[in-house]
Amino acid sequence: NHSRYAMWFSVLSLVFLVASLVVNLLELVAYVLIRPVSLSLFRRVNAKLCYLSWCIIPWALENWSRLELRIFAKEEDVVNAGQSNMIAILNHRGDIDWMLGYCVCDRLGILQNVKCLMKSFVKYLPTVGWSFWFSDYTFLKRSFDQDHKRLTDSAQLWTSYDFPWTVCLFAEGTRFTEEKHQKSLEYARKKGLPELKHHLLPRTKGFNFILHEVKDHGNSMKCCCQTDCSYFNPLVYHCSFIQCLLLAQYCCAFLVPAVYDITFGYPHGSLTLLDLVKGKKMYADVNIKKIPVSDIPTTSEEETSAWLINLFKQKDDLVEYHSVHGRFPTTRLDLPSRPYPTAIMTMWFLLLLSPFLYYVYDLVVAVEYWKLITLGIILLAAHFGMRLLMTVTEVQGSQQPAKKDS
């Protein structure tokens, strides 16, 4: 079974890589032909193109690994998600948190408009890195002095969008490990901060900067109909009066009206990328809470930092509850997966996998073994390259299985 899963995962990896490269090529064409004419149109086209490859991630989790994702939230907190700009703050317990984040974003219908803060070298990676660059992700060097201008430029880019976007932040800055946890506890004791059991203390500078930047920008924007409007484009300093009337639901006092608190829990223990390779059935829970920006203190960086640290104390209490009861205390919400990833994956399989299988069949019939051996080497390289990634990124013992709760 493991060998069969490994072979098919190698094929799936090739489909993802080729599909992503095709998307990269289409993005480049759009960048050259559309962006000089209309930046707004390019951004909309690029968002649709990105979804063609990004949706493979939730599809792989939900179909390959048969992910059972339980969502705990109030319906009113998620029903209008994606209709306005938002910041999502996620905890970082294990290897696939970011992939689960993609699943949640897809179910909320916002995956194509997601922005994240990434390590600087990621933008040079073919496939996902290039798509991130086209999509105005922020690439940081982990030094706030160096990253200050990058964050400023990114905030200005995002505020010039004429459709809603979502910034996803892993405020802890890195995955949870016991070694990092001990250092976090030592720092908390030294500074008199809360000692977190299941998380690292969040890094507050990035969140502080982004929140104040977009909040101040939103408060300063007035469109031609004299309302605060997230559709205001600072590049042209006005927006259509008709657009304001038709899209009145996007007008708000702040450019980002709400922050979404997203907390992951694992009822059967943490999941790794290696589990994904093996096709292991996955179980994950997520708790979603909407927090109006007006409820967040922003008069000073110290107040905002204290709020973020307190938020992670609440996250820690949630994960502790989950570890005891096997679920979050919030009401479970039925938020099913969307049909688009399956439809798009069917398209990619028909376009890429069918010719690939026909080519393999033709080689077998023609007894061209040297080409078959070359093809096998390519598949092995894809598989072991992925396995190496699993080894590098795997987190050992990041969370114990939760106890069952009836």
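What you see as residue numbers is a count from 1 along each chain, following the sequence as written. Given that this is a predicted model, residues contribute local features only at a pLDDT of at least 70 and side-chain atom pairs are listed and counted only at 80 or more, while totals for whole chains, interfaces and linings are drawn from all residues. Side-chain numbers come from the whole structure's heavy atoms, not from hydrogens or water.

Undergrad: Requested: an account of the packing of aromatic side chains, with residues and values cited.
TA: Only centres within 6.5 Å qualify two rings of Phe, Tyr or Trp (six-membered ring in Trp) as a pair; their planes then separate them into stacked at under 30 degrees, edge-to-face at over 60, and tilted for everything else. Enumeration according to the criterion identifies 14 aromatic pairs in this entry. The interplanar angle of 50 degrees and the centroid separation of 6.0 Å between the aromatic rings of Trp54 and Tyr102 together place this pair among those described as tilted. Note that Trp54 is positioned in helix H2 (residues 39–54) and Tyr102 in helix H5 (residues 97–108), a separation of 48 residues in sequence. Residues Trp54 and Tyr102 agree in their burial class; the two are buried. Relative to Phe132, the ring of Trp54 lies with its centre 5.8 Å away and its plane at 55 degrees, an arrangement referred to as tilted. Of the two residues, Trp54 is situated in helix H2 and Phe132 in helix H6 (residues 128–134); the sequence distance between them amounts to 78 residues. An identical accessibility class is assigned to Trp54 and Phe132; each is buried. An aromatic cluster is defined as three or more aromatic residues linked by ring pairs; in this entry it consists of Trp54, Trp98, Tyr102, Phe132 and Tyr137. Criterion for a charge above a ring: Lys NZ or Arg CZ within 6 Å of the ring centre, and within 35 degrees of the ring normal. Just above the ring of Phe176 sits the side chain of Arg93; from NZ or CZ to the centre is 4.3 Å. Where helices and strands are cited, they refer to DSSP runs of H or I of at least four residues and of E of at least two residues respectively, numbered from the N terminus. Burial classification: accessible surface area is computed with a 1.4 Å probe over protein chains only, and a residue below 20% of its type maximum counts as buried, one above 50% as exposed, and the rest as partly exposed.

Undergrad: Residues and numbers for the pairing of strand S3 (residues 114–119), please.
TA: If DSSP finds at least two bridges between two strands, the strands pair. Strand direction decides the pairing type here: S3 and strand S5 (residues 166–170), joined by 3 bridges, are parallel. In the strand pairing of S5, Cys116 is matched with Cys168. Judged from the 3 bridges that link them, S3 and strand S4 (residues 138–140) form a sheet pairing that is parallel. The residue bridging Met118 from the neighbouring strand is Phe139, located in S4. The handedness rule is simple: strands pointing away from the viewer, and a clockwise path from the first strand over the helix to the second, make the crossover right-handed. Crossover connection from S3 via H6 to parallel S4: handedness right-handed.

Undergrad: Could you give an account of the state of the cysteines, naming the residues involved and the relevant values?
TA: Any cysteine sulfur atom paired with another within 2.5 Å is treated as part of a disulfide. Inspection of every chain in the model, using the stated rule, returns 0 disulfides. In this model Cys103 remains outside any disulfide bridge; the closest cysteine sulfur is found in Cys105, 9.5 Å from its own. Unpaired in terms of disulfides, Cys116 finds its nearest cysteine sulfur in Cys168, a separation of 4.7 Å.

Undergrad: I'd like a description of the confidence of the model for the protein, backed by residues and values.
TA: When pLDDT is averaged along the protein, the result is 80, and 77% of the positions lie at 70 or above. Overall, residues 218–253 carries pLDDT values under 50, and its contacts beyond four positions in sequence, including any with other chains, amount to 61 contacts. Across residues 388–406, where pLDDT falls below 50, the model places 44 contacts with residues more than four positions away in sequence or in other chains. Think of pLDDT as the predictor's per-residue confidence, scored from 0 to 100. In what follows, a contact means two residues having at least one pair of non-hydrogen atoms within 4.5 Å.

Undergrad: Explain helix H8 (residues 178–191) to me, using residue names and the numbers behind them.
TA: Helix span, expected: 1.5 Å multiplied by one less than the number of residues in the helix. The end-to-end C-alpha distance of H8 is 20 Å, a good match for the 20 Å that 14 residues give at a rise of 1.5 Å each. Those residues of H8 lying buried are His181, Ser184, Leu185 and Ala188. Projection of H8 onto a plane perpendicular to its axis shows the buried side chains occupying an angular sector of 100 degrees, all on one side. Among the exposed residues of H8, those oriented more than 90 degrees off its buried face are Glu179, Lys183, Glu186 and Lys190. A positive phi of about 70 degrees marks Gly192, the residue just after H8. By arc we mean the arc of the directions from the helix axis to the C-beta atoms, nothing more.

Undergrad: Outline the pattern of salt bridges, listing residues and values.
TA: What counts as a salt bridge is simple: a side-chain nitrogen of Lys or Arg found within 4 Å of a carboxyl oxygen of Asp or Glu. Applying the stated criterion across every chain, the model contains 13 salt bridges. Among the ionic pairs, Asp162 bridges to Arg44, the shortest N-O distance being 3.7 Å. Here Asp162, found in the loop between helix H7 (144–159) and S5, pairs with Arg44, found in helix H2; they are 118 residues apart in sequence, far enough to count as distant. With a relative accessible area of 13%, Asp162 lands in the buried category. The partly exposed category is assigned to Arg44, whose relative accessible area is 36%. The residue Lys315 makes a salt bridge to Asp261 at a minimum N-O spacing of 2.6 Å. You can see Lys315 sitting in helix H12 (residues 301–325) and its partner Asp261 sitting in strand S6 (residues 258–265), a full 54 residues away along the chain. Assigned by exposure class, Lys315 and Asp261 land together as buried.

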